[in-house]
Amino acid sequence: MSKDMMTGSDAVALGVKLAKPDLIFAYPITPQTHIVETLSEIAPSWGGRFINVESEFSAIASCLGAVSAGSRAFTATSSHGLLLMHEVLHWFVGARMPLVMVNANRAIGSPWNIWADQSDSLAQRDTGWLQIYCETCQEALDTVIQGYYISEKLLLPVMVMIDGFIISHTMEEVEVHEPQKVDAFLPPYAPQFKLDVDDPRSFGNAALPDDYYRMRKAIQRTFTSGFEVFRDCHNLFEDVFGTRYDLMEAYLCDDAETIFLVAGALTGTTRVAVDMMREKGMKVGLIKLRVFRPFPKHALQKVIAGHQDVIVLNRAVSYGAQGTLTQELRSAFYNVDDNPDIYDVIISLGGKEVFPEILMGVCEGIKADPAFKDEMIWV
Amino acid sequence: MIEIRFHGRGGQGAVIASWILSYGFFLEGKHAQAFPTFGAERRGAPVEAFVRMDDSFPNLRCKVVNPYYVIVMGEKLVHSINVAAGIRRGGLMLINSPKGPQSFAFLKGDFHIKTMDVNAPALRNGLGSKTSPFINTPILGAFAGFSDVVKPESIIKGITKFIPVRTENNVAAFEEAYLLAKSEGNRSQV
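What you see is a predicted model; the values in this text were computed from it and never measured. (Residues numbered from 1 in each chain as written. Chains lettered and ligands numbered in written order. Predicted model: local features only at pLDDT ≥ 70, side-chain atom pairs only at ≥ 80, totals over all residues. Heavy atoms only, no water.)

## A word on the overall build of chain A
Then step 1. Helix and strand counts for chain A stand at 13 helices and 15 strands.
Then step 2. Counting every position in chain A, which comprises 379 residues, the buried fraction comes to 56%.
Then step 3. Within the structure as shown, chain A displays about 15,500 Å² of accessible surface, and the carbon and sulfur contribution to it stands at 52%.
Then step 4. Charge centroids of chain A, computed over 32 positive and 49 negative side chains, lie 5 Å from each other. (Helix = DSSP H or I, 4+ residues; strand = E, 2+ residues; numbered from the N terminus. Buried < 20%, exposed > 50% of the residue type's maximum accessible area, 1.4 Å probe, protein only. Areas by Shrake-Rupley, 256 points an atom, 1.4 Å probe, with all protein chains shown as cover. Lys, Arg positive; Asp, Glu negative; His and termini not counted. Charge placed at Lys NZ, Arg CZ, Asp CG, Glu CD.)

Right, dumping it as structure tokens:
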């Protein structure tokens, strides 16, 4: 085990290197650029090929072709690039093709904005991709490796999120895993079916309504049973690498009166805010939502009690409704008798800075006026 | 936790300087984080870079607003940017300038100012041109010498890691500035 200092982009590239995909198709976009720039240089080191395609649509479509032919593939994108992929994102799921894609979360224009915002990936909520949000550079590296494990077991694609700039461009310490350990954790991709002229099969054919319905139902069944694969993945990862990951993490929640729910790098700043508030005697905690799809409803129901208030920190809005994470959490507690008060806070869009003091102010403001419960709160 | 803010111009190497410094801290067993002002960097435009160093993993993800150390890579920046903003009581500002610290007394705040002309060691070691010298390694030398928060050998390892071209020239410029800061520091104590 050795540690090094690297940016989130290089941590992702290292995770990809250790997972050894045969083919990488990508189109550069800020703030994802450094990931693919590094991969274009290092791909030959493990016998991989990097192909710089002409658009994000081509990148994801080429990945579909590569995976259909039995290769392990990778791509990374951000913001408008992810939106351009949208059609093929659906197709990937219907075709039950495994892939790991890293999305550097960035705002969507207009107006142009290149900073952190989760609107791009949360807008892909209903495509059927698994979604995992990372807090640190280390988590980005580890989640890329775990992503292949999960994706190839479930035959569903995995989207790994890092907040643009905040993780992609931040240099911090990262544990560099030994390749043999990664090999022990992640076996080579061995598809049951693939495009093969010696064993011809039909891929992406038309399906009549009843067959289509049956296949879609199977996708949902896989999401439901997918939690077991996550559990196996996290257990094996802990055995091999000594680090524990889960669907979500609860920090100081047991005796908390108020709990922040947050996804992505903002978790770190929220940790600091929670510690500051604890020092002032405020009983607060936080839940880091790591896996967004499948949504860990039961895990959240276990951690959050009815007498607690939850402040959801959103970096995306479903306009005319609520913050995207707020909708999900409220839905998870709809049929629960003793459900918590859930506050809908739009904390940051387009990279708006969040300081611990702002989070403390939000908490104090909500305590002072419970009527905020019925509002969408813009800070 | 120690927080450091670099003020530079796009192309001056503030980001690489922040990487080298954070790596130096890392080598000395500290936990460090380095990141730039996030944006569309243009050559010549004012930029900032930040370093956090702590005994435990730095969780904060917001930019540094109350630095203890501020490093100003070009003296003209003090007229266009509020380089003294938020600097902590008793903190230190290092300015790349041939003028003495008293020339910057108009910068208000309860902090110390040190100056050094780090363009000179850069040019003596062939780093950049007279109009745009590469000063990110000698200014780290001045910083290490004046602050004593990081050992010179740790920074030299960082230079070797992050500057693959003209590495020896950069190390030489760093050492020159470091020794000058050390000798000036001793003199001011007398």
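## Notes on the sheet that holds strand β5 (residues 100–105) of chain A
Residue and element names in this part refer to chain A.
Then step 1. What the 7 strands build is an open sheet, ordered β3-β2-β4-β5-β7-β6-β12; its pairing is mixed. This sheet does not close on itself; its edge strands, each paired only once, are β3 (49–52) and β12 (291–293). The mean inter-strand angle of the sheet, taken between neighbouring strand axes irrespective of direction, is 20°.
Then step 2. In the sheet, strand β6 (residues 130–133) pairs with β12 via 2 bridges, with the strands oriented antiparallel. Note that in β12 the partner of I132 across the bridge is V291. (Pairing = 2+ DSSP bridges. Axes fitted to C-alpha atoms, helices over the stretch in contact; angles between N-to-C directions.)

## A look at helix α13 (residues 356–368) of chain A
Residue and element names in this part refer to chain A.
Then step 1. Look at α13: 19 Å from first C-alpha to last across 13 residues, which is about the 18 Å you get at 1.5 Å a residue.
Then step 2. What α13 keeps buried is the set P356, L359, M360, V362, C363 and I366. Along the long axis of α13, the arc covered by the buried residues comes to 155°, so they all point the same way.
Then step 3. Those residues of α13 that are buried lie in contact with β10 (258–262), α10 (266–279), β11 (284–289), β13 (309–314), β14 (341–346) and β15 (376–378). (Expected span 1.5 Å × (residues − 1). Arc of directions from axis to C-beta. Contact = heavy atoms within 4.5 Å.)

## Quick word on the sheet that holds β10 of chain A
Sheet strands pair via backbone hydrogen bonds, and the direction of the pair is either parallel or antiparallel.
All names here are of chain A.
Then step 1. With mixed pairing, 6 strands are arranged side by side in an open sheet as β9-β11-β10-β13-β14-β15. What marks the edges here is a single partner per strand, and that holds for β9 (248–251) and β15. Taken over all neighbouring pairs, the strand axes of this sheet differ in orientation by 25° on average, direction set aside.
Then step 2. Looking at chain direction, β14 and β15 are connected through 3 bridges and run parallel.

## A few points about the packing of helix α7 (residues 137–154) of chain A against helix α9 (residues 209–241) of chain A
Residue and element names in this part refer to chain A.
Then step 1. α9 packs onto α7 with a crossing angle of 135° between their chain directions and a minimal axis gap of 10 Å. One element, α7, and the other, α9, form an angle in the oblique class. Where α7 crosses over α9, the handedness of that crossing is right-handed. Counting all contacts with α7, which are made through D142, Q146, Y149, I150, K153 and L154, the residues of α9 involved are T222, G226, V229, F230, D232, C233, H234, L236 and F237. (Parallel < 35°, antiparallel > 145°, perpendicular 65-115°, else oblique. Left-handed = near helix turned anticlockwise from the far one by under 90°.)

Treat this as a map of the structure, not an account of what it does.
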